[in-house]
Amino acid sequence: MEIQAAQDFQALSIARLIMQAMNYDCCRYFAGPEHTLDDFERVMTSLVLSEKSQYSYLNTIVAIGDDGGLCGMCVSYDGGRLHELRKAFVDAAKENFGRDFSNMPDETSAGELYIDSIAVNESCRGQGIATHLLHAVIEKARAMNLPAVGLLVDKGNPKAEKLYTRVGFKYVGDGTWGGHEMKHLQYVL
């Protein structure tokens, strides 16, 4: 397995993993009742291909398996750029779903490399890939001279929370995202 920068040709696979990380209830929440998960996947794929989106392949690292297939991904960016990067999502939701998320609460802020999404393909789980991705993002934060790495974890996902705390993330507060109650965790460098 190798961790590397994502490439644009991986956009569809990355979008599908982002949706998995969001969970499909959140995807449906953002798409609204008149739209399908396929509609949301199409929009997410375009956001991954965009260079000015929080979900851009430029903000993504991937885990490549020994067979050359994409096993996992992690999207992260400087939390101080959240509003600038979120604009593409807000605009796409308005254009494609007729929904306005411009007043969505901030999930991160300056001084934090924010892990927006992390997911591992089901066929690749149990191999430590998520841990490798998390360590790579911690190194990315060091290289960017950011003092912390942060993420939100769904309160209904204790397995993911256990992984993050095992790596060294600590609870710093509560929040909501996509209609779900979340915990904000940080790894302080």
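Look up a bit, the structure's there.
Let me begin by describing the structure that accompanies this report. (Residues numbered from 1 in each chain as written. Predicted model: local features only at pLDDT ≥ 70, side-chain atom pairs only at ≥ 80, totals over all residues. Heavy atoms only, no water.)

Bringing the overall build of the protein chain into the picture now. Of the regular secondary structure elements, the protein chain holds 6 helices and 7 strands. Secondary structure elements of the protein chain, listed N to C terminal, follow the sequence β-α-α-α-β-β-α-β-α-β-α-β-β. What you see for the protein chain is a C-alpha radius of gyration of 15 Å, in line with the 16 Å of a compact globule of 189 residues. Looking at the protein chain as a whole, 49% of its 189 residues are labelled buried. Across the protein chain, the fraction of contacts at a sequence separation of at least 24, relative to all contacts at a separation of at least 6, is 69%. Working note: accessible area of the protein chain is about 9300 Å², and carbon and sulfur atoms make up 48% of it. For the protein chain, the centre of its 18 positive side-chain charges and the centre of its 25 negative side-chain charges are spaced 4 Å apart. (Helix = DSSP H or I, 4+ residues; strand = E, 2+ residues; numbered from the N terminus. Rg over C-alpha atoms; globule rule 2.2 N^0.38 Å. Buried < 20%, exposed > 50% of the residue type's maximum accessible area, 1.4 Å probe, protein only. Contact = heavy atoms within 4.5 Å. Areas by Shrake-Rupley, 256 points an atom, 1.4 Å probe, with all protein chains shown as cover. Lys, Arg positive; Asp, Glu negative; His and termini not counted. Charge placed at Lys NZ, Arg CZ, Asp CG, Glu CD.)

All right, on to the pairing of strand β6 (residues 170-177) then. Relative to strand β7 (residues 180-188), β6 runs antiparallel, the two sharing 7 bridges. Bridge pairing links G173 to H184 in β7. In this antiparallel pair of consecutive strands, β6 and β7, the connection spans 2 residues, and G178 shows a positive phi of 60°. (Pairing = 2+ DSSP bridges.)

Moving on: the environment of Q7. Within the secondary structure layout, Q7 lies in the loop between β1 (2-5) and α1 (11-22). Judged by its relative accessible area of 37%, Q7 is partly exposed. The spacing of Q7 and L185 is 178 residues in sequence and 28 Å in space, taken between C-alpha atoms. With near-sequence residues (within four places) excluded, Q7 lies in contact with I14 and Y57.

In terms of burial, strand β4 (residues 113-120) is a largely internal element, 8 of the 8 residues being buried. Pairing of strand β3 (residues 70-78) with β4 involves 7 bridges; the strand directions are antiparallel. Bridge pairing in β4 places Y77 opposite Y114. The pairing of β4 with strand β5 (residues 148-154) spans 3 bridges and is classified as parallel. Following the sheet pairing, I115 is matched in β5 by L151. The β-α-β motif built from β4, the intervening helix α5 (residues 129-143) and the parallel element β5 has right-handed crossover chirality. (Right-handed = clockwise from strand over helix to strand, strands pointing away.)

This part takes up the environment of E107. If you trace the backbone, E107 turns up in the loop between α4 (82-97) and β4. For E107, a relative accessible area of 5% puts it in the buried group. Along the sequence, E107 and W177 sit 70 residues apart, while their C-alpha atoms lie 7.5 Å from each other. Residues within four places of E107 in sequence aside, it is in contact with Q54, Y77, L82, R86, E112, Y114, D116, L152, W177 and H184. There is a polar contact of 2.5 Å between the side chain of E107 and the side chain of R86. (Polar contact = N/O pair within 3.5 Å; in protein donor to acceptor, adjacent residues only side chain to side chain.)

All right, on to the nonpolar core then. I18, M22, F40, M44, Y55, F89 and W177 are the most contacted members of the largest nonpolar core, which has 38 residues in total. For this core, the elements supplying multiple residues, two or more each, are α1, α2 (24-31), α3 (37-49), β2 (60-64), β3, α4 and β4. No other element matches the 7 residues that α1 contributes to this core. Once residues within four sequence positions are removed from consideration, I18 is found in contact with M44, V48, Y55, M73, V75 and S117. Of all hydrophobic cores here, the second largest spans 27 residues; its members include L134, L163, F169 and Y187. (Core = buried A, V, L, I, M, F, W, Y, C linked by side-chain atoms within 4.5 Å.)

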